[in-house]
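Listed here are the chains, written in short residue letters.
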Amino acid sequence: MNRSDRDFGVLDVFKGKLKFLLDKWRTSIAVFVLYTVLTLIFTYPVAFSENMVPGGGDVFQFLWFFWSVKTSLLSLTTPYYSPMIFYPSGVSLAFSGITILNSAASIPLQIAFGLVNAYNIIWISSFILSGCGMFLLVKYLTDDTKAAFVSGLIFMFCPYRFAHALGHMNLISTQWIPLYILFLTKTVDEKKLSNALLASLFLLLNTLSCYYYLIYMFTFTLIYLLYNELNNKNIFKIDVVKRVGIMAISFIFVVSPFLYPLFKEMFASKSEYMYYSGFVEYSADLLAFFVPSIMHPVFKDIVSPLYANFTGGWAEFTVFAGYTVIIISAFTFLKLRTKEVKFWTLSAAIFFILSLGPILHIRGVFSFAIEHYTVYIPLPYAILMQIPLFSLARVPSRWDVLVMLSLAVLCGYGLNHIFKSCTRGVFSKKNLIFVVVTVLILFEYLSVPYPMISAEVPEIYRELANDQEDYAIIEIPNYGPSTVTRSEYMYYQTLHGKRLVNGYTSRTPDHATKFILNTPLINQLMQITQWDAGIEPSFNDIIDQDIINIAPAILNYYNIRYVLVHEDLLKKRQIELVKELLQNSTAGDPRIYENDSIIVFDIREGPIGPFISLTNSGWHGLEDWDGIPTRWIENDATLMIYTDENHVVDLSFKALSFYRPRSVEVYVNDLLEMQSQVTSNNFVITKVTGVRLKEGVNIVRFHVPEGGERPSDIKAMNNPDSRCFSIAIQGIEIS
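This section reports on the structure supplied with the text. On a predicted model such as this, the values are computed, not experimentally measured, just so you know.

### Thoughts on the packing of helix H4 (residues 115-142) against helix H5 (residues 145-157)
- Following both chains from N to C, one finds H4 and H5 inclined at 140°, their axes separated by 7 Å at the closest point. As H4 packs across H5, the resulting crossing turns out to be right-handed. Where H4 abuts H5, its residues Phe 127, Ile 128, Ser 130, Gly 131, Met 134, Phe 135, Val 138 and Lys 139 lie against Thr 145, Ala 147, Ala 148, Phe 149, Ser 151, Gly 152, Phe 155, Met 156 and Phe 157.
- Residue composition of the contact of H4 with H5, grouped by class: eleven nonpolar, five polar and one charged.

### Looking at the sheet that holds strand S9 (residues 560-566)
- Taken in spatial order, the five strands line up as S8-S7-S9-S11-S10 in an open sheet, and their pairing is mixed. Unpaired on one side and paired on the other, strand S8 (499-500) and strand S10 (591-593) mark the two borders of the sheet.
- Inspection of the sheet shows strand S7 (residues 472-476) paired to S8 by two bridges, in the parallel sense. Bridge assignment links Ala 472 to a residue of S8, and that residue is Arg 499.
- Across the sheet, helix H23 (residues 572-581) is in contact with S7, S9 and strand S11 (598-602); its angle to S11 comes to roughly 10°.

### A short note on the sheet that holds strand S12 (residues 611-614)
- Strand order in this open sheet of five strands is S12-S15-S20-S17-S18, and the pairing throughout is antiparallel. Of all the strands in the sheet, the pair left with one neighbour each is S12 and strand S18 (671-678). Put simply, the sheet's adjacent strands are angled 20° from each other on average, direction ignored.
- On the sheet, helix H22 (residues 547-557) packs against S12, strand S15 (636-643) and strand S20 (696-703) and is oriented at approximately 60° with respect to S12.

### Some words on the pattern of salt bridges
- Tallied over the entire structure, the rule returns 16 salt bridges.
- As a salt-bridge pair, Arg 499 and Asp 470 come within 3.5 Å of each other at their nearest N and O atoms. Of this pair, Arg 499 sits in strand S8 while Asp 470 sits in the loop between helix H18 (459-465) and S7; the two residues are 29 residues apart in sequence, bridging distant segments of the chain.
- Residue classification places Arg 499 among the partly exposed positions, given a relative accessible area of 24%.
- When the shortest N-O distance is used, the salt bridge between Arg 573 and Glu 576 registers 3.5 Å. One end of the pair, Arg 573, and the other, Glu 576, are both in helix H23, three residues apart, so they sit about a helical turn from each other.
- Through salt bridges that share partners, Glu 463, Arg 591 and Asp 602 make up one connected network.

### Notes on a nonpolar patch on the surface
- A surface patch of nonpolar side chains, amounting to about 660 Å² of accessible area, comprises Trp 25, Ile 29, Phe 32, Val 33, Val 37, Ile 41, Leu 129 and Leu 136.
- The set of elements that each furnish at least two residues to the nonpolar patch consists of helix H1 (3-42) and H4.
- Broken down by element, the nonpolar patch gets its largest block of residues, six residues, from H1.
- On the secondary structure map, Leu 136 appears in helix H4.
- Taking relative accessible area as the criterion, Leu 136 reaches 30% and is therefore assigned partly exposed.

### Re the packing of aromatic side chains
- Tallied over the entire structure, the rule returns 53 aromatic pairs.
- Judged by centre distance (6.0 Å) and plane angle (35°), the ring pair of Phe 162 and Tyr 450 falls under tilted. Placement of the pair is Phe 162 in helix H6 (residues 159-164) and Tyr 450 in the loop between helix H17 (429-444) and strand S6 (452-454), with a sequence separation of 288 residues. Considered together, Phe 162 and Tyr 450 belong to a single accessibility category, that of buried residues.
- On the numbers, 5.6 Å between centres and 65° between planes, the contact of Trp 625 with Trp 632 is edge-to-face.
- Judged by its relative accessible area of 8%, Trp 632 is buried.
- One aromatic cluster is present, formed by Phe 95, Tyr 211, Tyr 212, Tyr 213, Tyr 216, Phe 220, Tyr 224, Tyr 227, Phe 343, Trp 344, Phe 351 and Trp 399 through successive ring pairs.

The rules behind the values
- Residues numbered from 1 in each chain as written.
- Predicted model: local features only at pLDDT ≥ 70, side-chain atom pairs only at ≥ 80, totals over all residues.
- Heavy atoms only, no water.
- Axes fitted to C-alpha atoms, helices over the stretch in contact; angles between N-to-C directions.
- Helix = DSSP H or I, 4+ residues; strand = E, 2+ residues; numbered from the N terminus.
- Left-handed = near helix turned anticlockwise from the far one by under 90°.
- Contact = heavy atoms within 4.5 Å.
- Nonpolar A, V, L, I, M, F, W, Y, C, P; charged D, E, K, R; others polar.
- Pairing = 2+ DSSP bridges.
- Salt bridge = Lys/Arg side-chain N within 4 Å of Asp/Glu carboxyl O.
- Buried < 20%, exposed > 50% of the residue type's maximum accessible area, 1.4 Å probe, protein only.
- Patch = residues over 30% accessible without salt bridge, like charges linked within 9 Å, V, L, I, M, F, W, Y side chains within 5 Å.
- Areas by Shrake-Rupley, 256 points an atom, 1.4 Å probe, with all protein chains shown as cover.
- Phe/Tyr/Trp six-rings, centres within 6.5 Å; stacked < 30°, edge-to-face > 60°.

Laid out in structure tokens, this is it:
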């Protein structure tokens, strides 16, 4: 045999294998193509828009996540911490919804197509892959291609996904859920060990896409295994235990490096922020499951009055199941009483109840007056939300993703039963039912044209991008509370690359916001939106100093080069207040970018003068006590005194102990300067004389040896406040 004959032989073998694979996967490839075409149509105009992204609000946070993870991984630093926002503290991103898998997958797409296009590609692919995953699951369960195709459509286009696609990239990464369940099922039912490894792989992908889904899959797995044991008595057979054990051990092994930052943040820091409220507000409304989506082009005007009663936002209160899906699922349950149908009905019921949250909501009402009593209808979530880790899932309505998955499977079983009773042929009753059901479901789930928002970046940020120096900027206004910023500012950072005093994450550690809350000038600038016209602000804190005069020192010390004011988001008087605060700090008149409605204040560089600032440690928020600024401390709190030369000064302050007398010790640069008794009846004026301050930074520490107490722990007070108080401080002066 000559060489050319051998080459032809190899080529024939290759062609034969390729033909075999194409024949084997022909149906799946066709389904993938159909899902792709339908996605492009039913998410219009996402794929056809230039420099725009679907949704709004949180979408800019996820664009920033993509950029941040790319920056971190390419520089070989951890993606779970960022020094670029909440400057100078930085912030942990462990519980921020960083969706590390999507962010990492976006890196080559960002390099090839840019950040916005990378986001849109991954956004679109989540629809296609979610449908494909669901198709494979139901095809395995029913061996019915048409039924599986419809189930895929239900899962990929359900209103839950369309609603969260407005800005929750982590939550629309549902494609790995049906694939995990598929291989979990195979792990239990089949003897191949590869199924266990594939199940652990898809569980890992779920975890890296959205940690919520790890909790969901853990819950589903427990229910599935328990049901199988009760009905099939096979879970504790040695070979099944072996396969499930391999799945669990391999998953724990590969996921540990990714979960370590989460557990570290949970146990090594004050993690109360992770459990912040939301359980009641973000519960699904019972009525919402039967009301078409507010995004529906036909029904939106009809259903808007109903949605106005629901609690939570668009993304959280949209849980419409679809009338066709509900009818087919009910038919399946009533007609087919197999163990499989019973399980998926149970699954739908359990996750439906979980999505309702701790208290039943009906048309936005969750309390009822009976005689002189206020009555609530408690649900199981009221207990489950107290369980560690489970309590991290503080938005109950998101369990709807498993409600829709369960209903999609039930529809697959029901349609499979219906199709088996139909005649075959191109114009058969089976095909007619298939087409009608498909059209009805697609119509009920319709959300076109999908809302889009511009991803254009204002000109000033392009100018900042050309400046190679390293410094920070402040964006005004913040959005909402003083510690929450507009996520657009973070998106702009992906272009200019400068550190941002502002910041936003879905779960922000308390320490990250202390700089904003405690630093003179920064605190006042960040709260500018709280000062409406006609209400004159107070620039005072517990430290007696002129904010306007020390502003240049603050800005230069922290290397803050620009203050950007978005005048279209502020009232005229608020802009005047910014100018008043910065009147001694700017280098000439501010620059005005009229097309972008941005005013830019260039900070004048110069020597750093003396100033005093509270540090990030130990101080509670500023309170107004009869017009006097007051702050509580825990058992330790520090402030920084910056001087431009060596000084000997006197330090004085007023102190009041919480609930009972205490003592306070004052340390300056770790040297004990004085100790004084503080009563709980009246403020005591305390003075420390002859304090030696060195040039530069000096740290003053207030220490209460007896420690603090929480009002909620003192029965006589009947106060729910869980903050820890030791002494309250007013009027700190340096003379």
